[in-house]
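Here are the chains, one letter per residue:
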Amino acid sequence: MKLPRRKFLHLAAGAAALPAVSGFAWAQAYPSRPVRWIVGFAPGGGNDIVARLMGQWLSERLGQPFIIDNRPGGGTNIATEAVVRAPADGYTLLMVGTTQAINATIYDKLNFNFIRDIAPVASIDRDALVMAVNPSVPARTVPEFIAYAKANPGKISMASAGIGSTGHMSGELFKMIDRRHHAARAVSRYRPCTE
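Residues numbered from 1 in each chain as written. Predicted model: local features only at pLDDT ≥ 70, side-chain atom pairs only at ≥ 80, totals over all residues. Heavy atoms only, no water.

(A) Quick peek at the packing of aromatic side chains. Taken as a whole, this structure holds two aromatic pairs when the rule is applied. Between Tyr30 and Tyr91 the ring centres are 5.1 Å apart and the planes differ by 55°, which places this aromatic pair in the tilted class. With Tyr30 in the loop between helix H2 (23-29) and strand S1 (35-39) and Tyr91 in the loop between helix H4 (77-85) and strand S3 (92-95), this residue pair connects regions lying 61 residues apart in the sequence. Side by side, Tyr30 and Tyr91 carry an identical accessibility label, which is buried. Centre to centre, the rings of Phe145 and Phe174 are 6.3 Å apart; their planes meet at 55°, and the pair counts as tilted. With a gap of 29 residues between them, Phe145 in helix H7 (residues 142-151) and Phe174 in helix H8 (residues 166-189) connect regions that are remote in the sequence. (Phe/Tyr/Trp six-rings, centres within 6.5 Å; stacked < 30°, edge-to-face > 60°. Helix = DSSP H or I, 4+ residues; strand = E, 2+ residues; numbered from the N terminus. Buried < 20%, exposed > 50% of the residue type's maximum accessible area, 1.4 Å probe, protein only.)

(B) How the structure looks around the nonpolar core. In this structure, Tyr30, Val35, Trp37, Val39, Val50, Ala51, Leu58, Phe66, Ile68, Tyr91 and Met95 together form the largest nonpolar core, which totals 11 residues. At the level of elements, S1, helix H3 (46-62) and strand S2 (66-70) are the ones that each hand at least two residues to this core. Excluding residues within four positions of it along the chain, Val39 makes contact with Asn47, Asp48, Ala51, Ile68, Asp69, Asn70, Arg71, Pro72, Ala79 and Met95. If you look at the next biggest cluster of nonpolar residues, it comprises 10 residues, including Ile38, Ala79, Ala104 and Ile115. (Core = buried A, V, L, I, M, F, W, Y, C linked by side-chain atoms within 4.5 Å. Contact = heavy atoms within 4.5 Å.)

(C) Up close: the pairing of S2. Counted residue by residue, S2 has four buried out of five residues, so it is predominantly covered. Viewed along the sheet, the connection from S1 through H3 into S2 turns out right-handed. (Right-handed = clockwise from strand over helix to strand, strands pointing away.)

(D) Highlighting the sheet that holds S3. Across the sheet, three strands lie side by side as S2-S1-S3; this open sheet has parallel pairing. Of all the strands in the sheet, just S2 and S3 have a single pairing partner and so form its edges. Taking each pair of neighbouring strands and ignoring which way they run, the sheet shows an average axis angle of 30°. Across five bridges, the pairing between S1 and S2 is parallel. The residue of S2 that forms the bridge with Arg36 is Ile67. Against the sheet, H3 touches S1, S2 and S3, its axis set at about 160° to S2. (Pairing = 2+ DSSP bridges. Axes fitted to C-alpha atoms, helices over the stretch in contact; angles between N-to-C directions.)

Have a look at this one:
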């Protein structure tokens, strides 16, 4: 899915204006009943833990329960669709991560349009990615790992949470960067003669 520039600018402007839109008056009345927070992953993972910690914090401060509802499966598309189909009243929230943004680009046919149907509310978490190898792999740095992988084609495998997951996309990006790096080196070594 391509995001037209005008649509992107509207989304950015809307997100920037959210804090200014009669926040005080709305906050006085919200929430007046329990809030359901849907997480597209199984209990116990990083997204679930963040949602549960934030849900507890919000419950204590706002005086209403924030109920965490795990809806794993479909690469978070099941959870996203459940929120899209819920009334747009602020009482059904979605824990959004990189996966939903990736899904908006790799799936041609979804029962929703993530960009159109989901409105951002708050940024609550940032993640770091770490590359780890089995201790039996004789590499302690990224360049050592690349050299080892090239010397052992077909013997290296990578684990991820599934197609379209952050880990999967990171692995694909790692492969692309390495290829581009080698292509750029090859081009810089073999420049056409201009004399």
